[in-house]
Amino acid sequence: MTTLQATQLTLKQSWEKVFDKLQTAFTEHNCMINTKRSFQIFWIWFLYMFIAYVIVLSIMVVTSQVRFVNETNHYILYAMRIYAYLSETAISLSFALFTMILRILVVELQKKFPLQSMSETKLRSIVQLHRHICQMIENFCAVYGWALLLIFFEHFLILTDRLYFSFRMYRSNTVSLKTIIGMLATWVLPFAVNDMLLIGVCVATDVALESFENHLCAVGNINSSDEETKYMLSCFCLYVSEHRPKFRVLNAFNLNFNLIYASCATIVTYLIVFLQFDTLPAV
């Protein structure tokens, strides 16, 4: 109970820092941050996953030639599974919302200050804001770390299991190819779309942050005349070149497309091994 409350408090504090920095960007740097599109993507994403899990998947389970649910207890377990899927979607979406808002903040700051118009005082302020952005990324990755790790691991297991089950059913000629494609589209596709969208927004934010850091280094090289400011910018450029913050899960792996490629390769490897040693009669 104490750990849960601490996690909730940390999550609350992390979101408070995000909105505090948005307010700082508006008051100190006169930078308008429009989050309307981010929230629109948030709700469209959630609506798609809700329809895919609650409506489409349920119709497939009820009408499929393969009997997924046979007893009353199975319906209860199925409802609990759908609730778990939606909970995982909400966690993924909240993390994606943070990355989208962060990307908008970074992009707007970069647009606000072109190369020739930034004073040294403003440059110091922006560098300080960048440090706070790095801290927010570390906080969110730490808070969401275990949840994202479990979500990706569960999706990996489900994707491998459903693909293996589909190939096995196809080899046994017990169901039609159309049924198998429909099952994959309703069961596998939502997980793949959710993970790809989550990693996609992380990659987009990471690219925007890298561009922002390069912009700050270029501005400093052009405008700075004070030796102390030059030294600060030299340290900053050295830091971001070697320790640029990444969206990581428990410092174990980065949230980028390499994770998708590695997951696909691992799933294909497991499928090949399972199908080669599959000597049991089809269910």
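None of the values given here were measured: they were computed from a predicted structure.

## So, the overall build of the chain
Each helix and strand in the chain was counted, giving eight helices and two strands. Element order for the chain, N to C, with α for helix and β for strand: α-α-α-α-α-α-α-β-β-α. Within the chain, buried positions represent 40% of all 283 residues. Put simply, the chain shows about 15,900 Å² of open surface, and 64% of that area lies on carbon and sulfur atoms.

## So, the environment of Ala 185
Relative to the elements of secondary structure, Ala 185 occurs in helix H5 (residues 177–187). Residues Ala 185 and Leu 57 lie 128 residues apart in sequence; the distance between their C-alpha atoms is 9.3 Å.

## Examining the environment of Arg 103
Along the chain, Arg 103 falls in helix H3 (residues 72–112). The partly exposed category is assigned to Arg 103, whose relative accessible area is 37%. A sequence separation of 98 residues divides Arg 103 from Val 201, and the C-alpha atoms of the two residues are 8.6 Å apart. Contact partners of Arg 103, with chain neighbours within four places excluded, come to Ala 204, Thr 205 and Ala 208.

## Details of the environment of Leu 22
Residue position: Leu 22 is located in helix H1 (residues 2–29). A relative accessible area of 12% means that Leu 22 is categorised as buried. C-alpha of Leu 22 to C-alpha of Leu 102: the two residues are 80 residues apart in sequence and 9.0 Å apart in space. Setting aside chain neighbours within four positions, we find Leu 22 in contact with Ile 33, Ile 101 and Leu 105.

## What to know about a nonpolar patch on the surface
Together, Leu 47, Phe 50, Ile 51, Ile 55, Val 56 and Ile 59 make up an exposed nonpolar region whose accessible area comes to about 490 Å². Here Ile 59 lies in helix H2 (residues 36–63).

## Points about H2
Here H2 spans 39 Å end to end across 28 residues, near enough to the 40 Å set by a 1.5 Å rise per residue. At Ala 52, H2 shows its maximal kink, close to 30°. Within H2, burial applies to Ser 38, Phe 42, Trp 45, Met 49, Ala 52, Tyr 53, Leu 57, Met 60 and Val 61.

Reading the values: the criteria
Residues numbered from 1 in each chain as written. Predicted model: local features only at pLDDT ≥ 70, side-chain atom pairs only at ≥ 80, totals over all residues. Heavy atoms only, no water. Helix = DSSP H or I, 4+ residues; strand = E, 2+ residues; numbered from the N terminus. Buried < 20%, exposed > 50% of the residue type's maximum accessible area, 1.4 Å probe, protein only. Areas by Shrake-Rupley, 256 points an atom, 1.4 Å probe, with all protein chains shown as cover. Contact = heavy atoms within 4.5 Å. Patch = residues over 30% accessible without salt bridge, like charges linked within 9 Å, V, L, I, M, F, W, Y side chains within 5 Å. Salt bridge = Lys/Arg side-chain N within 4 Å of Asp/Glu carboxyl O. Expected span 1.5 Å × (residues − 1). Bend = angle between axes of the 7 residues up to and from the residue.

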